[in-house]
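What the coordinates show
For reference, the chains in residue letters:
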Amino acid sequence: MSSTTAAVHSASATESDELSDEALLAAYRNSGDRTLFNQLMGRYQREIYSYLRRYIGSTEMAEDAFQGTFLQVHLKCQQFDSSRRFRPWLYAIATNQAIDVQRRNKRHRMVSLDRTPNDSEQRNASWAEKLVGGTPDPLAAAASQENGDWMKESISSLGQPMQQVIQLVYYQGLKYREAAEILGIPVGTVKSRLHAAVQRLGVMWEDSHAPSDD
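So, a few notes on the structure that sits alongside this text. Computed from a predicted structure; not experimentally measured.

Let us now look at helix 3 (residues 21–31). Burial analysis of helix 3 places 8 of its 11 residues in the buried class, the great majority of the element. Looking only at helix 3, the buried set comprises Asp 21, Ala 23, Leu 24, Leu 25, Ala 26, Ala 27, Tyr 28 and Arg 29. Note on helix 3: the residue one or two positions beyond its end, Gly 32, has a positive phi of about 75°.

Quick look at the structure:
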């Protein structure tokens, strides 16, 4: 038994809760203790399901991808590089599962932007700022609930690369370097895709909401 595993087994539930994600995964990998896996899963189940639900836009498909994500964590835990952080690795698995589920179902539906009023209010105030900064105000307005359908359709027209960075950086709140690690692309590419997405949405908003000449 490794020192990490021994520490987990000797610790109280409260102390175990304070262990890092990486330590819990290492302990599970070495011991096969399902309690440790369930504890790790409990930390991320709501966050990952929310991500998959928005990414895919289908509850049923999101549930399939969610189950596949944690199955892959179990199957690939021996491959996890202990020098890496667990969260980006988990998101990379979840993203791949989402893509696989979409392919299996032969349909590509965009994210649902449904939010509770409080969440929507907090996000809308800094939507453009969170993406890149210095973006036109209409983008923040476009993110409001009454314009949710417009936003959904507009983002879905950007293509998967831009959709992915918007999902990870804006909706999930990941840092540029984390999104880059998840997608396997340079940080500069993440930034450029976000910048391009914001510019495109700004133009689309202005075109679709231009005052009528009538």
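There's more to say after this.
Glancing now at the environment of Trp 89. Here Trp 89 is to be found in helix 6 (residues 86–105). For Trp 89, a relative accessible area of 9% corresponds to the buried category. Sequence separation between Trp 89 and Ile 182 is 93 residues, and the spatial gap between their C-alpha atoms is 6.5 Å. With residues up to four places along the chain from it excluded, the contact list for Trp 89 reads Leu 25, Val 73, Lys 76, Cys 77, Phe 80 and Arg 84.

Right, let's get into the pattern of salt bridges. Per the stated rule, a full pass over the model turns up 4 salt bridges. We note a salt bridge from Glu 47 to Arg 87, for which the minimum N-O separation is 2.7 Å. Here Glu 47 is found in helix 4 (residues 34–56), whereas its partner Arg 87 is found in helix 6, with 40 residues between them in sequence. Classification of Glu 47 by relative accessible area gives partly exposed; the value is 24%. Looking at Arg 87, the relative accessible area reads 19%, which means it is buried. Here Glu 178 ties to Arg 85 by a salt bridge, and the two come within 2.7 Å at their closest N and O atoms. Residue Glu 178 is found in helix 12 (residues 176–183), and its partner Arg 85 is found in the loop between helix 5 (59–76) and helix 6; the two are separated by 93 residues along the sequence. Here Arg 85 falls in the partly exposed class, since its relative accessible area comes to 36%.

Conventions we followed
- Residues numbered from 1 in each chain as written.
- Predicted model: local features only at pLDDT ≥ 70, side-chain atom pairs only at ≥ 80, totals over all residues.
- Heavy atoms only, no water.
- Buried < 20%, exposed > 50% of the residue type's maximum accessible area, 1.4 Å probe, protein only.
- Helix = DSSP H or I, 4+ residues; strand = E, 2+ residues; numbered from the N terminus.
- Contact = heavy atoms within 4.5 Å.
- Salt bridge = Lys/Arg side-chain N within 4 Å of Asp/Glu carboxyl O.

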